[in-house]
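For reference, the chains in residue letters:
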Amino acid sequence: MTAEWMTLLREMRAERRAVGAFNAIMIEHAEAIVAGAELSGLPVILQISQNAVRYHGSLAPFARACLQLAADATVPVLVHLDHVEDEKLIDEGLGLGITSVMFDASKLSYADNVARTREVVDRCHATGCLVEAELGEVGGKDGAHAPGVRTDPGEAAEFVAATGVDSLAVAVGSSHAMTDRSAVLDETLIAALAQAVPVPLVLHGSSGVTDGGLRGAVAAGIVKVNIGTRLNQVLTEAVRAVLGEREQLTDPRRYLAPGRDAVRDEVARVLTVLAK
């Protein structure tokens, strides 16, 4: 599985296409993400964040469900741990059969980020697991456009060489948890990073980017596009619509099913945008 995904990501990088990576909080998210990929006929990355694990209270039950959905899918589905800071969670994921993780030590100094990421890479690669890391501040403390928060191409090349990561999340103007699509990406910087860095580049905070912005980022060199907030917006809008029409409704299946369908359709739409 790992080798197949590395080949797929390399092909996408060469062809200036990208894969959508969507965050699942509930089982309905996970089902919709896989269904959307099948609807579009395109591969997808199904992500479980450390925050989602905290919400559930543990990793294993939800991760096992996601892994089963991936195994049963008719298109390639990669289950990925996202924004993990707790290394014990990575070890637990490896034990469950997770083959892709994002270790986030971006809040640390550059030297500490390199050292800890290198250790995680060595441990994960020993089991055939891919590792993504982050350099720069995606929607940093002072905002996505503050001085010094964006990823430097030279430093990024040094970081990848020193750590051996398989992909790199970069700060190029997007922010996490945006509820409007007003983010302005630095496509010139993306192109410079793609030229300097030999591994696939990852865009976090993509819910705040327009379709045109996403296409521009992919054309410049982004290969993996992370989306979470947008799916929550779509699901919530659908649920509100149903409950607004049927105030006495109490069966969650009656309002979560339309929400799941809405997420499915949005996943299929975004995947198609990224594949153009």
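## Focus: the packing of helix 9 (residues 211–220) against helix 11 (residues 252–275)
(1) Moving on: Direction vectors running N to C along helix 9 and helix 11 enclose 40°, while the axes themselves pass 9 Å from each other. Viewed along their axes, helix 9 and helix 11 adopt a mutual orientation that is oblique. By crossing handedness, the relation of helix 9 to helix 11 is classed as right-handed. Together, D211, L214, R215 and V218 of helix 9 and R269, V273 and L274 of helix 11 make up the contact between the two elements.
(2) Moving on: A per-class count over the contact of helix 9 with helix 11 returns four nonpolar, no polar and three charged.

## Let's talk about helix 7 (residues 153–163)
A turn of α-helix holds 3.6 residues, and therefore any two residues three or four places apart point the same way.
(1) Moving on: Three or more residues of helix 7 are buried, namely P153, A156, F159, V160 and T163. Along the long axis of helix 7, the arc covered by the buried residues comes to 115°, so they all point the same way. Of the exposed residues in helix 7, the ones pointing more than 90 degrees away from its buried face are E158 and A161.
(2) Moving on: Elements in contact with the buried residues of helix 7: helix 6 (110–125), strand 5 (130–135), strand 6 (167–170) and helix 8 (187–196).
(3) Moving on: Two or three places before G154, at the start of helix 7, stands the capping residue D152, its side-chain oxygen 3.1 Å from that residue's backbone nitrogen.
(4) Moving on: The positive-phi residue at the C-terminal boundary of helix 7 is G164, with phi of around 80°.

## Notes on empty space enclosed by the protein
(1) Moving on: The full count for this structure, using the stated rule, is three cavities of 30 Å³ or more.
(2) Moving on: A volume near 120 Å³ is recorded for the largest cavity.
(3) Moving on: Lining the largest cavity are 15 residues, and of these L9, S100, L130, S167 and K224 sit closest to its centre.
(4) Moving on: For the lining of the largest cavity, the elements supplying multiple residues, two or more each, are helix 1 (2–15), strand 3 (77–84), strand 4 (100–103) and strand 5.
(5) Moving on: At three residues, strand 5 tops the list of elements feeding residues into the lining of the largest cavity.
(6) Moving on: For the second largest cavity, the calculated volume is near 50 Å³.
(7) Moving on: Taken together, M12, R17, A18, V19, G20, L42, P43, L271 and A275 form the lining of the second largest cavity.

## Observations regarding the pairing of strand 4
(1) Moving on: Residues S100 and M102 point to one face of strand 4 and V101 and F103 to the other, with burial holding for every one of them.
(2) Moving on: As paired elements, strand 3 and strand 4 share two bridges and run parallel to each other. Looking across to strand 4, one finds that V84 is bridged to F103.
(3) Moving on: Running through helix 5 (residues 87–96), the crossover from strand 3 to the neighbouring parallel element strand 4 is right-handed.
(4) Moving on: Examined bridge by bridge, strand 4 and strand 5 share three bridges and lie parallel to one another. Its bridge partner being in strand 5, S100 is matched across the sheet by L130.
(5) Moving on: Following the backbone out of strand 4, through helix 6 and into the adjacent parallel strand 5, one traces a crossover that is right-handed.

## Notes on the packing of aromatic side chains
(1) Moving on: Enumeration over the complete set of coordinates arrives at one aromatic pair.
(2) Moving on: Between Y110 and F159, the aromatic rings sit 6.2 Å apart at their centres with planes inclined by 55°, giving tilted as the arrangement. Remark: F159 occurs in helix 7 and Y110 occurs in helix 6; sequence separation between them is 49 residues.
(3) Moving on: Of the residues examined, F159 reaches a relative accessible area of 0% and is grouped as buried.

## Focus: the sheet that holds strand 2 (residues 44–49)
(1) Moving on: Strand order in the closed barrel formed by eight strands is 1-2-3-4-5-6-7-8, and the pairing between neighbours is parallel. Sheet twist, expressed as the mean angle between neighbouring strand axes with direction ignored, is 25°.

## Structural notes on the packing of helix 2 (residues 27–40) against helix 4 (residues 60–72)
(1) Moving on: Put simply, helix 2 and helix 4 touch, their axes get as near as 10 Å, and they point 15° apart. Overall, the two elements helix 2 and helix 4 adopt an arrangement that is roughly parallel. Helix-helix and strand crossings are classified by hand; for helix 2 and helix 4 the assignment is right-handed. Two secondary-structure elements touch here, helix 2 through I27, A30, E31, V34 and E38 and helix 4 through F62, A65, C66, L69 and D72.
(2) Moving on: Taken together, the residues of the contact of helix 2 with helix 4 break down into seven nonpolar, no polar and three charged.

## Points about the nonpolar core
Generally speaking, nonpolar side chains in soluble globular proteins are found buried as a group.
(1) Moving on: F22, L46 and I48 are the most contacted members of the largest nonpolar core, which totals 76 residues.
(2) Moving on: At six residues, helix 11 tops the list of elements feeding residues into this core.
(3) Moving on: Each residue touching F22, except ones within four places of it in the same chain, is listed here: I33, V44, I45, L46, Q47, I227, L231, V267, V270 and L271.
(4) Moving on: Grouped together as the second largest cluster of nonpolar side chains are eleven residues, M6, L9, I45 and L130 included.

Rules of the game
In every chain, residue numbers begin from 1 and rise along the written sequence. Given that the model is predicted, a residue must reach a pLDDT of at least 70 before its local features are reported, and side-chain atom pairs must reach 80 or more before they are shown or counted; all residues, however, enter totals for whole chains, interfaces and linings. Here the side-chain values reflect all heavy atoms present in the structure, with hydrogen atoms and water set aside. Here an angle of 0 to 180 degrees is reported between the N-to-C directions of two axes, which are lines fitted to C-alpha atoms, with helices fitted over the stretch in contact. Where helices and strands are cited, they refer to DSSP runs of H or I of at least four residues and of E of at least two residues respectively, numbered from the N terminus. Here roughly perpendicular refers to angles of 65 to 115 degrees, roughly parallel to angles under 35, roughly antiparallel to angles over 145, and oblique to all remaining angles. Two helices crossing with the near one rotated counterclockwise from the far one by less than a right angle form a left-handed crossing, whereas a clockwise rotation gives a right-handed crossing. Contacts were defined at the residue level, with two residues in contact if any of their heavy atoms lie within 4.5 Å. Residue polarity is assigned by list, with Asp, Glu, Lys and Arg as charged and Ala, Val, Leu, Ile, Met, Phe, Trp, Tyr, Cys and Pro as nonpolar; anything else, Gly included, falls into the polar class. Type-normalised accessible area, obtained with a 1.4 Å probe on protein chains alone, sets the label of each residue: buried when under 20%, exposed when over 50%, and partly exposed for intermediate values. The directions from the helix axis to the C-beta atoms form the arc being described. Polar contacts here mean pairs of N or O atoms no more than 3.5 Å apart (in protein, one a potential hydrogen donor and the other a potential acceptor; neighbouring residues in sequence count only if both atoms are side-chain atoms). Lining residues are those with an atom within 4 Å of a point, where the points come from a 1 Å grid over the protein atoms alone and group into cavities, where a 1.4 Å probe fits but cannot get out, or pockets, open sets with protein on both sides within 12 Å along at least five of seven lines. Grid points are joined across faces, edges and corners, and a volume is the space filled by probe spheres set on the points. When DSSP finds at least two bridges between two strands, those strands are taken to pair. A right-handed crossover is one whose linking path, passing over the helix from the first strand to the second, runs clockwise when the strands point away from the viewer. Note on ring pairs: Phe, Tyr and Trp rings are taken, using the six-membered ring of Trp, and paired if centres are within 6.5 Å. Classes follow the plane angle, with under 30 degrees stacked, over 60 edge-to-face and the rest tilted. Only buried residues count toward a nonpolar core. Its members are Ala, Val, Leu, Ile, Met, Phe, Trp, Tyr and Cys residues joined through side-chain atoms within 4.5 Å.

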